[in-house]
Amino acid sequence: DTEVTQTPKHLVMGMTNKKSLKCEQHMGHRAMYWYKQKAKKPPELMFVYSYEKLSINESVPSRFSPECPNSSLLNLHLHALQPEDSALYLCASSQNTYEQYFGPGTRLTVT
Amino acid sequence: KQEVTQIPAALSVPEGENLVLNCSFTDSAIYNLQWFRQDPGKGLTSLLLIQSSQREQTSGRLNASLDKSSGRSTLYIAASQPGDSATYLCAVDSSNTGKLIFGQGTTLQVKP
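All figures in this text were calculated on a predicted structure; none of them were measured in a lab.

Q: Got a minute to help me understand the overall build of chain B in this structure?
A: Assigned secondary structure in chain B consists of zero helices and 11 strands. Walking chain B from its N terminus toward its C terminus, one meets helices and strands in the order β-β-β-β-β-β-β-β-β-β-β. Taken against the 2.2 N^0.38 rule, which gives 13 Å for 112 residues, the C-alpha radius of gyration of chain B at 13 Å falls within 12% of a compact globule. When the backbone C-alpha atoms are referred to their principal axes, chain B occupies close to 40 × 30 × 20 Å. Looking at chain B as a whole, 44% of its 112 residues qualify as buried. Long-range contacts, defined here as pairs at least 24 residues apart, represent 54% of the contacts in chain B between residues at least 6 apart. Roughly 5,200 Å² of accessible area belongs to chain B as shown, and the carbon and sulfur atoms make up 48% of that amount. Separation of charge centres in chain B, based on 9 positive and 9 negative side chains, amounts to 3 Å.

Q: For this particular structure, what's the right way to read the sheet that holds strand E8 (residues 73–79) of chain A?
A: In any sheet, the strands associate via hydrogen bonds between backbone groups, in a parallel or an antiparallel arrangement. Residue and element names in this part refer to chain A. Taking strand neighbours across the sheet as the criterion, the four strands line up as E1-E3-E8-E7 in an open arrangement whose pairing is antiparallel. In the strand order of this sheet, the two ends are held by strand E1 (4–7) and strand E7 (64–70), each with one partner. Taking each pair of neighbouring strands and ignoring which way they run, the sheet shows an average axis angle of 20 degrees.

Q: Even after reading the chapter, I still don't get the pattern of salt bridges, so can you show me in this structure?
A: Any two side chains of opposite charge can pair, so long as their charged atoms come close to each other. Counted by the stated rule, this structure contains seven salt bridges over all chains. For the salt bridge of Lys99(B) with Glu58(A), the shortest nitrogen-to-oxygen distance reads 2.9 Å. In this pair, Lys99(B) is assigned in the loop between strand E9 (86–93) and strand E10 (100–102) and Glu58(A) in the loop between strand E6 (53–57) and E7, connecting two distinct chains. Lys99(B) gets classed as partly exposed once you look at its relative accessible area, which sits at 26%. Given a relative accessible area of 30%, Glu58(A) falls into the partly exposed group.

Q: How do you make sense of unusual backbone geometry when you look at a structure like this?
A: For residues that are not glycine, phi is negative in most cases, and the peptide bond is trans in most cases. Backbone torsion omega between Thr7(A) and Pro8(A) reads -10 degrees, so that peptide bond is classified as cis. Topologically, Pro8(A) is positioned in the loop between E1 and strand E2 (10–13). The omega torsion of the bond from Ile7(B) to Pro8(B) falls at 5 degrees, within 30 degrees of zero and hence cis. Among the structural elements, Pro8(B) can be located in the loop between strand E1 (4–7) and strand E2 (10–14). Although it is not a glycine, Tyr51(A) adopts a positive phi angle of roughly 50 degrees. Notably, Asn96(B) is not glycine yet its phi reads approximately 60 degrees, a positive angle.

So, how was this worked out
- Residue positions are given per chain, counting from 1 as you read along its sequence in written order.
- For naming, the first written chain is A and the first written ligand is 1, with later ones following in the order written.
- Residue-level local features of this predicted model are given only where pLDDT is at least 70; pairs of side-chain atoms are given and counted only at 80 or more, and the full residue set underlies all totals for whole chains, interfaces and linings.
- Only heavy atoms go into the side-chain values, all of them from the structure, while hydrogens and water stay out.
- Numbering of helices and strands runs from the N terminus; a helix is a DSSP stretch of H or I covering at least four residues, while a strand is a stretch of E covering at least two.
- Computation of the radius of gyration draws on C-alpha atoms alone. For the globule rule, the value is 2.2 Å times the number of residues to the power 0.38.
- For every residue, the accessible area (1.4 Å probe, protein chains only) is compared with the maximum for its type, and the residue is labelled buried under 20%, exposed over 50%, or partly exposed between those bounds.
- Whether two residues touch is decided by their heavy atoms; if any such pair falls within 4.5 Å, the residues are in contact.
- Using a 1.4 Å probe, accessible areas were evaluated by the Shrake-Rupley method; residue-level cover was limited to the displayed protein chains.
- We score Asp and Glu as negative and Lys and Arg as positive, and we do not count His or the chain ends.
- Positions of charges follow a simple convention, taking NZ of Lys, CZ of Arg, CG of Asp or CD of Glu.
- Strands qualify as paired when DSSP identifies two bridges or more between them.
- Working convention: axes come from line fits to C-alpha atoms, limited for helices to the stretch in contact. Angles between N-to-C directions cover 0 to 180 degrees.
- Put simply, a salt bridge is a Lys or Arg side-chain nitrogen that is within 4 Å of an Asp or Glu carboxyl oxygen.

Printed below as a string of structure tokens:
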């Protein structure tokens, strides 16, 4: 099973809302990632968790707050977002730093 | 700073044609290179991973090669089908941290 699941599929939120994105994998992978993808652009790395510890933060604004409660689950907490944060948010996982498997993404619209 | 380039940005071919997608990178010190496929509005599907010590990988009609010294990788698709229409992305890991640097992608259209 090489599946990474993400919920919700679509999310519309106002600039004052607080919401969370969820990502789950059951492949026993110990590295998990959040990417942001704007239309017609490649994904951009936001965060990397390795063995449930944050190992890379690509200077992401504090209105994005990642959390890794256990080895299978990765959350992205959103607060006070801006319209320019509207994008497809992708989660991925890998065994160590090898082949990355991506989820279907959450389409986020900030109004 | 590693930069990844994919040429062409778009490609249209008739069904059945064999084709090659190109990926180049500026720093040859990479740990691995991965090819992905992305359908519109969807996530990425991993096609092939090539470790730095490998020269090529094959999966079905796909063959990816890696030449680190020249900073190039190619993805060969044999006997293309309309279902192959998608955007193809290559990405390199230069730091062994899982941080992937992506190219801009090649959007492929295979016409019946």
